[in-house]
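For reference, the chains in residue letters:
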Amino acid sequence: MPSFIVPERIRVALVLGSGGVRGMAHVGVIEELEKAGIPIDLIVGCSAGSMVGALYADNPNVEAIKAAVWSIRTNLLLDIDLWNCRYGLSQARTMRKIFDQYLSVHTFEQLKIPLVVVTTDLNSGELVPIASGNLDHAVVASCSIPLLYVPCDHGGRVLVDGGVINPIPVRVAKDLGAEFIIAVDLCELLPKTFPTNLFGIAARSAEIAFLWQTEHCARGADIVIRPKTSGIGIFNDKMKCKIYEAGKVAAQAHIPRIKQALAELESKNGGVQCGWKYVTLNPYPPQIYCEELEYAED
């Protein structure tokens, strides 16, 4: 994977999880962090988190990204094309147009805040972090929910939504050396109503699996912010205001603890920023491949 530039000292990394329209909660969280004067040295995003992360990394002004995300109608993002739906219902043409409209830059290198987005390689099963090159293509790939969107050809790989593997990519921020990681988890809690048919059973089973996956992926974060967005579908535009407020409320509850932790971190390590460095993040293979490789070497 190509190398990219990050601060030599990453004090605060913000990890934005997947969640469709619930990504509006990310805006509320960022607004409260901005109000509290909490610096963000690195953003790691997945799916909806990659979209909000790209907008903020391009223009670190919460009012600007609030206006942008508010104006995007998520139902229009799913521009269904029944004539070309062999690999997905949508070709993501509208999504690409929206990124062209709201992003002022075209590459990761032009962003004001370093950004890493995660995707899933359909061929190898690897988690592929992207932090250099074409920004639009990488974010579209990270948002390409299987079945809804066709896989995205990027960098010689066939990529889909990073949430297939890791909906909250805390590990990526940790591997880059972040000292303090704030993760935003948009995973829904299980509905209280029990399923009454076979499709409901299948859906609830998938929800349970995703709930456990999300909890596992969030481990390692110093703070996990969980906005209360239960019962809101990933394309429910009518609830944007409620989702945004949920993000603000959830973040406010953690601000004192974050400030205290950062103050202790600064007193321990000092507040000097040492410049920039080149780093490389390799794709993350499934653990079974790593175990097979170790066995072969033994």
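Up top you'll find the structure we're talking about.
Note that the structure is predicted; figures quoted are calculated from it, not measured.

K.L.:
Looking at this structure, I do not really get the pattern of salt bridges. What am I missing?
P.N.:
A pair can form between side chains of opposite charge whenever their charged atoms are brought close. Tallying each qualifying case throughout the model produces 13 salt bridges. Ionic pairing is found between lysine 248 and glutamate 31, a salt bridge with its closest N-O pair at 3.5 Å. Taken together, the positions of lysine 248 in helix H9 (residues 240-252) and glutamate 31 in helix H1 (residues 24-35) put the pair 217 residues apart, joining distant regions of the chain. By relative accessible area, lysine 248 is classed as buried at 8%. Connected through shared salt-bridge partners, Glu31, Glu32, Lys35, Glu63, Lys66 and Lys248 make up one network.

K.L.:
Honestly, the nonpolar core in this entry has me stumped. Any pointers?
P.N.:
Ranked by internal contacts, the top residues of the largest apolar core, which has 64 residues, are Leu33, Leu115, Leu135 and Ile182. In this structure, Val15, Val118, Ile181 and Tyr284 belong to the second largest nonpolar core, which totals 27 residues.

K.L.:
Honestly, a nonpolar patch on the surface in this entry has me stumped. Any pointers?
P.N.:
Residues Ile5, Trp276 and Tyr278 make up a contiguous nonpolar surface patch of about 390 Å² in total accessible area. Tracing the sequence through the fold places tyrosine 278 in strand E10 (residues 276-279).

K.L.:
I keep staring at the side chain of serine 144 and nothing clicks. Help me out?
P.N.:
Within the secondary structure, serine 144 sits in the loop between helix H6 (135-142) and strand E6 (152-154). A distance of 2.6 Å separates a polar atom in the side chain of serine 144 from the backbone oxygen of valine 140. In contact with serine 144, not counting residues within four places along its chain, are Tyr149, Val150, Cys152, Val160 and Asp161.

K.L.:
What am I meant to see in the pairing of strand E8 (residues 180-184) here?
P.N.:
On any regular strand, side chains alternate: one points to one face of the sheet, the next to the other face. Taking burial as the measure, the five residues of E8 include five buried ones, the bulk of the element. Covered by surrounding structure in E8 are Phe180, Ile182 and Val184 together with Ile181 and Ala183, the residues of both alternating faces. Judged from the five bridges that link them, strand E2 (residues 12-16) and E8 form a sheet pairing that is parallel. In the sheet register, leucine 14 faces E8, and the bridge partner there is isoleucine 182. Note that E8 and strand E9 (residues 223-225) share three bridges and pair parallel. Directly across from valine 184, in E9, lies its bridge partner isoleucine 225.

The rules behind each value
Residues numbered from 1 in each chain as written. Predicted model: local features only at pLDDT ≥ 70, side-chain atom pairs only at ≥ 80, totals over all residues. Heavy atoms only, no water. Salt bridge = Lys/Arg side-chain N within 4 Å of Asp/Glu carboxyl O. Helix = DSSP H or I, 4+ residues; strand = E, 2+ residues; numbered from the N terminus. Buried < 20%, exposed > 50% of the residue type's maximum accessible area, 1.4 Å probe, protein only. Core = buried A, V, L, I, M, F, W, Y, C linked by side-chain atoms within 4.5 Å. Patch = residues over 30% accessible without salt bridge, like charges linked within 9 Å, V, L, I, M, F, W, Y side chains within 5 Å. Areas by Shrake-Rupley, 256 points an atom, 1.4 Å probe, with all protein chains shown as cover. Polar contact = N/O pair within 3.5 Å; in protein donor to acceptor, adjacent residues only side chain to side chain. Contact = heavy atoms within 4.5 Å. Pairing = 2+ DSSP bridges.

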